[in-house]
Amino acid sequence: MMGCVTDFFTYETTKSVVVKSWTIGVINRAVQLLIITYFVCWVFLHEKAYQVRDSSIESSVMTKVKGVGRYSKKVMDVADYVMPPQGSSVFVILTKLITTPEQVQGYCPETDDKYKCTNDSNCTRNKATSNGFLTGRCVRSYCQIQGWCPTENDTVHMPILNEAENFTIFVKNSVRFPVFEFERGNLPASLNCRYHPKKSPFCPIFRLGDIISLAGQNFNNIAEKGGVMSIKIGWLCDLDQSWDLCVPRYSFTRLDGVSEKSNLSPGYNFRYARYFMGSNGSEFRTLIKAYGIRIDVLVYGNAGKFNIIPTLINIVAAFTSVGVGTVLCDIILLNFLKGADQYKAKKFEEISDTSPAFGSHVFKSDQTLGGRGDEKRSTDSGAFSIGL
């Protein structure tokens, strides 16, 4: 017990040992140079660790699509092929339509092969299908339903809206970084432009075909089955420079890549209906299964500005990390180089409070460590305990 108490109340102080070795000297300076280079080039210049950053970007997006096309002998404009029409950050450009006209509430046979039958016993009464409820009757080799009739046949082949490739999308975006009270918009001095990654990288007017090709996709494939594309607007602003240099960066990706490669429900489609009233007061509708290209406008970014607090924190971290070179050199000296025992003897000493004062003539310098009989070596650290 007394030994544990004695070991607890101990004090360690640094002892400097100068090692004149080319090997250790080169390793030490090389490690220090690597650490300093890392902090200067990566931490301060690349990551700008001397800045305080605001990533809580506030953004608003407004969109507008332009273009006309022909589909099934009809001319389609923006009101026909853009949904929803409000100009939000998420909208769909329709590229293929399967239409089932003049549906009325009534009774008719199902068209799905799952509901083929030979007699009424094959049809479960009141069972729900995708088109209505089974009546329990078998009509013309199919179970009869109650619902909107005639039922939809979505296996027919329909052409795509080819002109959609040349439709243009105008994206108006404004952002705000509340920490710095900084606001910025993406509109250039003139809108007489078309986006090009090199010639016009800041133009906010995009051709739909260019968006798809820049994302590495094929227009005909995505128009046939539908898909989800994104227009990404990145605001990465260094407010220590001129605020006019805070400009957007545009990029394009396909977001439903997993759906594209799957045979189960590939692409993107949905259904909607247009309702009408007949002259006799009866209601009927036109059901439309729509395939389209959904556009998601995604805004991200952050802004940074010089601040003394992160600067001081990272400077202190840099100076502290330089000490890693000393730790590495100690490991090499204590374990791998010739003369490791001599270095341990020079580096570590244990002195008890019962020993004479350092000024006493009994004290022997560490030059006698190699031949003293009253020295003993510690079993755990390799240090020498000197009986003074």
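Residues numbered from 1 in each chain as written. Predicted model: local features only at pLDDT ≥ 70, side-chain atom pairs only at ≥ 80, totals over all residues. Heavy atoms only, no water.

1. Some words on helix 8 (residues 324-335)
Between the first and last C-alpha of helix 8 there are 17 Å, a value that for 12 residues agrees with the 16 Å anticipated at 1.5 Å per step. When we look at burial in helix 8, the residues that qualify are Gly-325, Cys-329, Asp-330, Ile-332, Leu-333 and Leu-334. On its buried side, helix 8 packs onto helix 2 (22-46), helix 7 (308-322) and helix 9 (340-347). (Helix = DSSP H or I, 4+ residues; strand = E, 2+ residues; numbered from the N terminus. Expected span 1.5 Å × (residues − 1). Buried < 20%, exposed > 50% of the residue type's maximum accessible area, 1.4 Å probe, protein only. Contact = heavy atoms within 4.5 Å.)

2. Focus on the pattern of salt bridges
Scanning the model with the defined rule gives 12 salt bridges in all. Residues participating in the shared-partner salt-bridge network are Glu-58, Arg-176, Glu-181 and Glu-183. (Salt bridge = Lys/Arg side-chain N within 4 Å of Asp/Glu carboxyl O.)

3. A closer look at a nonpolar patch on the surface
Taken together, Phe-306, Ile-308, Ile-309, Leu-312, Ile-313, Ile-315 and Phe-319 make up a surface patch of nonpolar side chains, about 740 Å² in accessible area. For the nonpolar patch, the leading source of residues is helix 7, giving 6 residues. Looking at where Ile-315 falls in the secondary structure, it is placed in helix 7. A residue is classified by how much of its surface remains accessible, and Ile-315, at 34% relative accessible area, is partly exposed. (Patch = residues over 30% accessible without salt bridge, like charges linked within 9 Å, V, L, I, M, F, W, Y side chains within 5 Å. Areas by Shrake-Rupley, 256 points an atom, 1.4 Å probe, with all protein chains shown as cover.)

4. Quick word on the environment of Met-158
Its location among the elements puts Met-158 in the loop between strand 8 (142-149) and strand 9 (168-177). Note: C-alpha distance between Met-158 and Leu-97 (61 residues apart in sequence) is 7.1 Å. In this structure Met-158 touches Tyr-71, Ser-72, Lys-96, Leu-97, Ile-98 and Glu-224, once residues within four positions along its chain are discounted.

5. A short note on the state of the cysteines
Per the counting criterion, the structure on display carries 5 disulfides. The disulfide partner of Cys-123 is Cys-143, and the gap between their sulfur atoms is 2.0 Å. Torsion about the S-S bond of the Cys-123 and Cys-143 cystine: about -90 degrees, corresponding to left-handed handedness. Remark: Cys-143 occurs in strand 8 and Cys-123 occurs in the loop between strand 6 (90-109) and strand 7 (132-139); sequence separation between them is 20 residues. (Disulfide = S-S within 2.5 Å.)

6. Some details on the layout of surface pockets
In this structure, the second largest pocket spans a volume of roughly 370 Å³. Around the second largest pocket sit 14 residues that line it, and Lys-74, Leu-97, Thr-99, Arg-274 and Ile-288 are the ones nearest its centre. Breaking the lining of the second largest pocket down by element, the ones donating at least two residues are strand 4 (74-76), strand 6, strand 14 (269-277) and strand 15 (283-306). Partitioned by chemical class, the residues of the lining of the second largest pocket number 8 nonpolar, 3 polar and 3 charged. (1 Å grid on protein atoms, 1.4 Å probe; cavity = no way out; pocket = protein on both sides within 12 Å on 5 of 7 lines; lining within 4 Å. Points joined across faces, edges and corners; volume = space filled by probe spheres on them. Nonpolar A, V, L, I, M, F, W, Y, C, P; charged D, E, K, R; others polar.)

7. What about the confidence of the model for the protein chain?
Overall, the prediction assigns the protein chain a mean pLDDT of 85, with 89% of residues at 70 or greater. Element-level mean pLDDT values for the protein chain span from 33 in strand 18 (residues 384-386) up to 97 in strand 11 (residues 205-207). For residues 358-388, every residue scores under 50 in pLDDT, and the model assigns this stretch 45 contacts once sequence neighbours within four places are set aside. (pLDDT = per-residue confidence, 0-100.)

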